[in-house]
Amino acid sequence: MTTAEKILARASGRDIVRPGEYVTAEIDKFMSHDAFAAVHMSLASVGVQKICNPERVVVALDHYVPPPTQRAASIHQLVRDGVRKYGITNFYAERGGIAHQVMMEKGHVLPGQLVVGTDSHTCTYGALGAASCGIGFSEMAYALATGKLWFRVPQTIRFELNGELPFPVSSKDIILKIAGDYSAEAAQYKAVEFSGRASRDMSVESRMTISNMAVEIGAKFCFFETDDKTQAYLSNRTHEPYQEIHFEEPSENMEVYHIDVSEMEPVVAIPHCVDNVKQISQLERLEIHQAILGSCTNGRLEDLRIGAEFIKGKTVHPNVRLLVIPASWEIYRQAMDEGLLSIFLEAGGIILNPSCGPCFGAHMGLLAPGERCISSTNRNFKGRMGSDQAEVFLASPATVITSAVHGYITDPRES
Amino acid sequence: MDVIEGRVWVFGDNVDTDAIVAGEYLDAPIEETIKHVFASLKPDFVNEVRQGDVIVAGKNFGCGSSRENAPASLKAVGIKCIIAESFARIFFRNAIAIGLPVISALGVPGRFQEGDTASIDFSRSMIVNVTDGDSLHAEPLADEMIEILDSGGILEVLRRHGGGNQ
Ligand code: SF4
């Protein structure tokens, strides 16, 4: 069986499941963020007073931290009410960070678990081999009340990443290139397994960037195998036992894509679709007004380290506002201890608190009509970051920072 | 489930959740969000949409965020059913969960013009363009989904199954 089939079979108490079948599965972990306010209201609307397994639930405020409006502040009040009412102890108020990062770094996710979250990028936890996916708040209310949810067993496809990735090309370039080559629908309703040397060479953080964006190619789940990096990551964070994830040989009818990453170049997703991808060398000179290094896609320590390496001793172009957003408090603190934050500060960057902020167009760095932004985030839909007359380009941390210095979208190999 | 019949709005591929309702309105009450549905994609939509209308779209409808206010706003402005070549997974689930019928039909783009009348027969998984008589097959919905839709959404299922007594 594929990884998705094994996990869904275990969670639904069956020996075997097949793609296309529907199962009702028991959920191992539940993640929610500011949307927990809506979950709480939904539960209340049908009179649910208790949830099944409060100890399996993790809530972290991230979208509106700190609240930019009264309405957002009221939403956080509701979240706190719900957390108290249902006895949820894994609550990270404002001092955790972006929920996906918190789930991973605080040891809430284990290989082989079935996890649902009220956010489309819940698939991020596939970097540790969990079957994790996003759902809406009504389904979350149902799942919390009953402990279970229906799933269609997905087909599985595999991307075998071969070769060695040439610096400064990164895992972000790989997933953008996959979106560009195979479309935003490449993995619609499917589970994706990432194998091959380049997958093994990657840090867990780089794997998170890929699994985070798996939903941008339509995927339901994304998986990386358990190896010494997974074990090292988990050993610092949890003592709970877990089942390692190892892929089986692909069956005859599994779609397997072989990708050689050794010749890969930095790429950019241009407006307004994630799969509108160009090699950076093919772009004309495009001036930018904002650059963002951060988010659940690329706001981790290794991203900040690369950013700092590319900006050290230089300054942000006067026409550009550079926003640096560490994905969590833990990362913020580490970046501070390592001196990375002062490098960004000296260069003229604005360092924001861990939050979603401008990524989904709520606050802390929105775009005016006609403005152009290069961002390490994961979506460039029209209007996602402010004006629908603005443009968002997606790229790796190295490309974002190099562009911030030059004032136009620049190949990091030219820095 | 009954047969649904309604006037058609046509959309293309990859209509994302930000295009349905921009992130700006994510924390807004539904009475507010419905004023901004498809604001940049089809500015006339909110003024001209009528109760019982149907959306016909291309590939990957509803891609992007898990925000439930996307299908909820479409339902609130009166949309009775969405037919698409394919849906993004979370949007599809959310639509079913809030009791908005969605159905995928390969080859549906190009089979309808804006303003045509579509008829969707869920029991036979059949879609008919009433205006020109053309018809095509849709992918059947699973029993789990029909149960949720018939109940009026997953929260109603919860209520019926004694959610309130827990
Ligand atoms: S950082 Fe952006 S993509 Fe990630 S959870 Fe927040 S809004 Fe979503």
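Here the structure is a predicted model, which means the values were calculated and not measured.

About the cut-offs
- Position numbers for residues start from 1 in each chain and track the written sequence from start to end.
- Chain A is the first chain written and ligand 1 is the first ligand written, with later ones labelled in order.
- Only residues with pLDDT of at least 70 are given local features in this predicted model, and only at 80 or more are side-chain atom pairs given and counted; all residues enter the totals for whole chains, interfaces and linings.
- The side-chain figures draw on all heavy atoms in the structure; neither hydrogens nor water molecules are used.
- Only runs of H or I of at least four residues qualify as helices and only runs of E of at least two qualify as strands under DSSP, and these elements are numbered from the N terminus.
- As a reference, a globule follows 2.2 Å times the number of residues to the power 0.38, and the radius of gyration itself is taken over C-alpha atoms.
- Partly exposed residues are those whose accessible area sits between 20% and 50% of the maximum for their type, while under 20% is buried and over 50% is exposed, using a 1.4 Å probe and protein chains only.
- Contact criterion: two residues are considered in contact whenever any of their non-hydrogen atoms come within 4.5 Å of each other.
- Think of it this way: Lys and Arg go in the positive column, Asp and Glu in the negative one, and His and the chain ends go nowhere.
- Positions of charges follow a simple convention, taking NZ of Lys, CZ of Arg, CG of Asp or CD of Glu.
- In this scheme Phe, Tyr and Trp rings, the latter by its six-membered ring, pair at centre separations within 6.5 Å, and the angle between planes marks the pair as stacked below 30 degrees, edge-to-face above 60, and tilted otherwise.
- Counting as a charge over the ring demands two things of the Lys NZ or Arg CZ atom: a distance within 6 Å of the ring centre and an angle within 35 degrees of the ring normal.
- A cavity, in this analysis, means grid points on a 1 Å lattice covering only the protein atoms where a 1.4 Å probe fits yet has no way out; a pocket is instead an open set bounded by protein on both sides within 12 Å along at least five of seven lines, and a residue lines either one if it has an atom within 4 Å of a point.
- Grid points are joined across faces, edges and corners, and a volume is the space filled by probe spheres set on the points.
- Reported domain spans reflect what an automatic or database domain assignment gives.
- Summary of the distance rule: residues count as near a molecule or strand when at least one heavy atom falls within 4 Å of that molecule or strand.
- A pocket or cavity is taken to hold a molecule when more than half of that molecule's atoms are within 2 Å of the pocket's grid points.
- Residue classes follow a fixed rule: Ala, Val, Leu, Ile, Met, Phe, Trp, Tyr, Cys and Pro count as nonpolar, while Asp, Glu, Lys and Arg count as charged, and any other residue, Gly among them, counts as polar.
- Computed with a 1.4 Å rolling probe, the buried area is the accessible surface lost when two parts are put together, summed over both parts.
- Here, a salt bridge means any Lys or Arg side-chain nitrogen found within 4 Å of an Asp or Glu carboxyl oxygen.
- Two strands are said to pair when DSSP picks up at least two bridges between them.
- Comment: axis = line fitted to C-alpha atoms, over the contacting stretch for helices; angle = value between 0 and 180 degrees taken between N-to-C directions.
- Note on terminology: a nonpolar core comprises buried Ala, Val, Leu, Ile, Met, Phe, Trp, Tyr and Cys residues joined through side-chain atoms within 4.5 Å.
- The term polar contact refers here to a pair of N or O atoms within 3.5 Å; inside protein, the definition further demands a hydrogen-donor-capable atom paired with an acceptor-capable atom, and it admits residues adjacent in sequence only when both atoms are side-chain atoms.

(A) Broad picture of the overall build of chain B. Of regular secondary structure, chain B possesses 7 helices and 7 strands. Listing each helix as α and each strand as β along chain B from the N terminus yields β-α-α-α-β-α-β-α-β-β-β-β-α-α. The C-alpha atoms of chain B give a radius of gyration of 15 Å, which matches the 15 Å a tight globule of 166 residues would have. If you line up chain B on its principal axes, its C-alpha atoms span 50 × 35 × 25 Å. Burial analysis of chain B (166 residues in total) assigns 60% to the buried set. For chain B, the share of sequence-separated contacts (at least 6 apart) that also reach a separation of at least 24 residues comes to 66%. Mean positive and mean negative side-chain charge positions of chain B (14 and 25 charges, respectively) differ by 2 Å.

(B) Fine view of the overall build of chain A. The number of helices and strands found in chain A is 14 helices and 18 strands. Its C-alpha atoms give chain A a radius of gyration of 20 Å, within 12% of the compact-globule value 22 Å for 415 residues. Each of the three principal axes of chain A carries a C-alpha extent, and together these read 55 × 55 × 40 Å. Long-range contacts, defined here as pairs at least 24 residues apart, represent 75% of the contacts in chain A between residues at least 6 apart. Within chain A, the 49 negative side-chain charges are centred at a point lying 5 Å from the centre of the 38 positive side-chain charges.

(C) Local environment of the packing of aromatic side chains. Residues and elements named next belong to chain A. Per the stated rule, a full pass over the model turns up 17 aromatic pairs over all chains. Where Phe-159 meets Phe-194, the ring centres are 5.6 Å apart and the plane angle is 20°; that geometry is what we call stacked. Linking Phe-159 in strand β8 (residues 156-162) with Phe-194 in strand β9 (residues 191-195), this pair joins segments that are 35 residues apart in sequence. On the accessibility criterion, Phe-159 (0% relative accessible area) is buried. Here the guanidinium or amino end of Arg-237 rests over the ring plane of Tyr-233, the centre of that ring lying 3.8 Å away. Above the face of the Tyr-408 ring, Arg-285 is positioned so that its terminal group lies 4.0 Å from the ring centre.

(D) Summary view of the layout of surface pockets. Of the pockets and cavities examined, the largest pocket occupies roughly 1100 Å³. Every residue lining the largest pocket is counted, 50 residues in all, and those nearest its centre are Ala-38 and Phe-137 of chain A together with Leu-26, Glu-68 and Asn-69 of chain B. Elements supplying a minimum of two residues to the lining of the largest pocket: α2 (36-45), α3 (70-85), α5 (137-146) and α10 (295-298) of chain A together with α4 (69-76) and α7 (154-160) of chain B. Broken down by element, the lining of the largest pocket gets its largest block of residues, 4 residues, from α2 of chain A. Both of domain 1 (3-258) and domain 2 (268-414) of chain A provide at least three residues apiece to the lining of the largest pocket.

(E) Structural context of the site of the ligand. All names here are of chain A. What surrounds the ligand is the set His-63, Ile-98, His-100, Asp-119, His-121, Ser-295, Cys-296, Cys-356, Cys-359, Phe-360, Asn-378 and Arg-384. For the ligand, the cavity whose grid points lie within 2 Å of the majority of its atoms is the largest pocket. Class assignment of the residues belonging to the shell around the ligand gives a composition of 5 nonpolar, 5 polar and 2 charged. Structurally, the shell around the ligand is a two-domain feature, drawing no fewer than three residues from each of domain 1 (3-258) and domain 2 (268-414).

(F) The interface of chain B and chain A, seen in detail. In this complex, chain B contributes 40 residues to the contact, which on the side of chain A involves 45 residues. Summed over both partners, the interface of chain B with chain A buries about 3800 Å², with 54% contributed by carbon and sulfur atoms. For the pair chain B and chain A, the number of links is 4 salt bridges. Ionic pairing is found between Glu-139 of chain A and Arg-93 of chain B, a salt bridge with its closest N-O pair at 2.8 Å.

(G) The sheet that holds strand β2 (residues 29-32) of chain A, seen in detail. All names here are of chain A. Strand order across the open sheet formed by 5 strands is β4-β3-β2-β5-β6, with parallel pairing between neighbours. Two strands lie at the open edges of the sheet, namely β4 (90-91) and β6 (131-134), each paired on one side alone. Note that β2 and strand β3 (residues 57-59) share 3 bridges and pair parallel. From the neighbouring strand, Ser-32 faces β3, where its bridge partner is Val-59. Here α5 sits on the sheet in contact with β2, β3 and β5 (114-117), set at roughly 145° to β2.

(H) Expanded view of the pattern of salt bridges. For the coordinates displayed, the defined rule picks out 31 salt bridges over all chains. The partner of Asp-27 of chain B in a salt bridge is Arg-71 of chain A, and the shortest N-O contact between them spans 3.2 Å. Pair noted here: Asp-27 of chain B is in the loop between α1 (17-20) and α2 (30-33) and Arg-71 of chain A is in helix α3, and the two residues belong to different chains. The partly exposed category is assigned to Arg-71 of chain A, whose relative accessible area is 36%.

(I) Structural context of the nonpolar core. Ranked by size, the top nonpolar core spans 102 residues in total, and within it Phe-151 of chain A together with Phe-61 and Ile-83 of chain B carry the most contacts. When residues in this core are grouped by element, the largest group, 6 residues, is from α5 of chain A. In this structure Phe-61 of chain B touches Val-15, Ile-20, Phe-38, Ile-55, Leu-74, Ile-82, Ala-84, Ser-86, Phe-87, Ala-88 and Phe-91 of chain B, once residues within four positions along its chain are discounted. With 43 residues, the next largest nonpolar core counts Phe-159, Ala-187, Ile-292 and Ile-325 of chain A among its residues.

(J) Structural context of the domain arrangement of chain A. Residue and element names in this part refer to chain A. Domain boundaries assigned for chain A yield domain 1 (3-258) and domain 2 (268-414). Computed over C-alpha atoms, the centres of domain 1 and domain 2 are 24 Å apart. Contact with domain 1, which involves 38 residues of that partner, is made by 40 residues of domain 2. Taking both sides of the interface into account, the surface hidden between domain 1 and domain 2 amounts to around 3000 Å²; carbon and sulfur atoms contribute 58%. There are 3 salt bridges connecting domain 1 and domain 2. The partner of Lys-106 in a salt bridge is Glu-330, and the shortest N-O contact between them spans 3.5 Å. Between the two partners, domain 1 and domain 2, sit 24 residue pairs in polar contact (both at pLDDT 80 or more). Breaking the side of domain 1 that touches domain 2 down by element, the ones donating at least two residues are α4 (99-105), α6 (171-182) and α8 (204-212). Counting residues per element, the side of domain 1 that touches domain 2 draws most heavily on α6, which supplies 6 residues.

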